[in-house]
Each structure stands twice: as C-alpha cells, then as structure tokens.
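# Structure at a glance
The chain contents come next:
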Amino acid sequence: LFQKYKTVLQVAALPFILNEMELKILLISGRKKKKWLIPKGWPVKGLTFPQSAAREAQEEAGIEGVISPQPLGDFGFHKKITKSQTIPCRVIVYGLLVTDQDVEWKEREQRDRLWCSVPQAIEKVTEKNLVKVLRDVLKDPGLLTLNI
C-alpha cells in the first residue's frame, strides 16, 4: 500500500533560548515511546513550512516564539505506519527562539518537556540523524538564528 510513496516531507522546530549566555534546547517526549525528540509534523495547507513548524511546536510543546524563515538543516527517518510498514520521511528543521511557554497546551497530557544544553540533548536523543543536526548546532550555534 505505502510502496507507491517516495520520501514524504515533514517540518520540525528546534526550540531554543539563550539562558544567561548558555544555549538551551527544548526536547519533548514522544507520545507512544518515551524517547526524546523535537516538535515535528506534516506541513499544514495554507501555512509556510516555517509557520507549520511553529504550529507543531505550539501543539506538541506549548511554546511560541520567533521561527527562522530559513531551515537550519534536515534529517531523514522512517516513519512507522503499521507494525510492519514504514515510509521514508525527510524532516526540514527550523530554529525557534522561544518567547513564551504555556502551562496548559494541546498535548500536555501526552508529552514531557526537557530544557537542556546541546551536549545533553545529543546524549538524550536516540534518532541518529537528528543527533547529526544537533552536532551541527553545537559546532555553529548561529545556525539556529538564521534570519531571525
């Protein structure tokens, strides 16, 4: 059934703050498996990719802020559709400078939030292709603020 698909596209926000001159990244837990990741999802019709990524961050992590118009990177993974089927996904990642963090949000009951340093995020994230994006940010934190 899904063999007709080539790679499908998702968008993601990499939420960050500068806290006392230290860069902090926000990770969220997955809904089913409790692994650490960043807010991501499908592009929304009528919204740009950055706007779609910002909406995912609001729904999944209860945060708002300034999204970069340019992607900071991308990564691939295989999205599980059924127990035995996956489809290849390409995720375009945008930096999101967090300005507001809600106490209540849409997926609060399903997800945990964790603010951490980039090295801590690299240790906690198990998706190896996302780890590569985080390592790029560690080398060049300016990637997060492209045109913000």
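Conventions and cut-offs
- Residue positions are given per chain, counted from 1 along the sequence in the order it is written.
- The predicted nature of this model means local features are confined to residues of pLDDT at least 70 and side-chain atom pairs, given and counted, to a pLDDT of 80 or more, with totals for whole chains, interfaces and linings taken over all residues.
- Remark: hydrogens and water are excluded; side-chain values derive from all non-hydrogen atoms of the structure.
- Under the DSSP-based scheme used, a helix requires at least four consecutive residues in state H or I and a strand at least two consecutive residues in state E, with every element numbered from the N terminus.
- Radius of gyration here is computed from C-alpha atoms only, and the compact-globule reference equals 2.2 Å multiplied by the residue count raised to the power 0.38.
- Each residue's exposure class comes from its accessible area (1.4 Å probe, protein chains only) as a fraction of the maximum for that residue type: buried when under 20%, exposed when over 50%, partly exposed otherwise.
- Paired strands, as defined in this entry, are two strands with at least two bridges between them according to DSSP.

## Concerning the overall build of the protein
For the protein, the count of helices and strands is 3 helices and 8 strands. Tracing the protein from N to C terminus, the helices and strands come up as β-β-β-β-α-β-β-β-β-α-α. Against the globule reference of 15 Å for 148 residues, the protein gives a C-alpha radius of gyration of 15 Å, in line with a compact fold. Taken over the C-alpha atoms alone, the protein extends approximately 50 × 35 × 30 Å along its principal axes. Within the protein, the fraction of its 148 residues that count as buried is 44%.

## Points about the pairing of strand β1 (residues 8–19)
Bridge analysis of β1 against strand β7 (residues 86–101) gives 9 bridges, and the strand direction is parallel. By the bridge assignment, Ala 12 is partnered in β7 with Val 93. Across 2 bridges, β1 lies against strand β4 (residues 40–41) in antiparallel orientation. The residue of β4 that forms the bridge with Val 11 is Gly 41.

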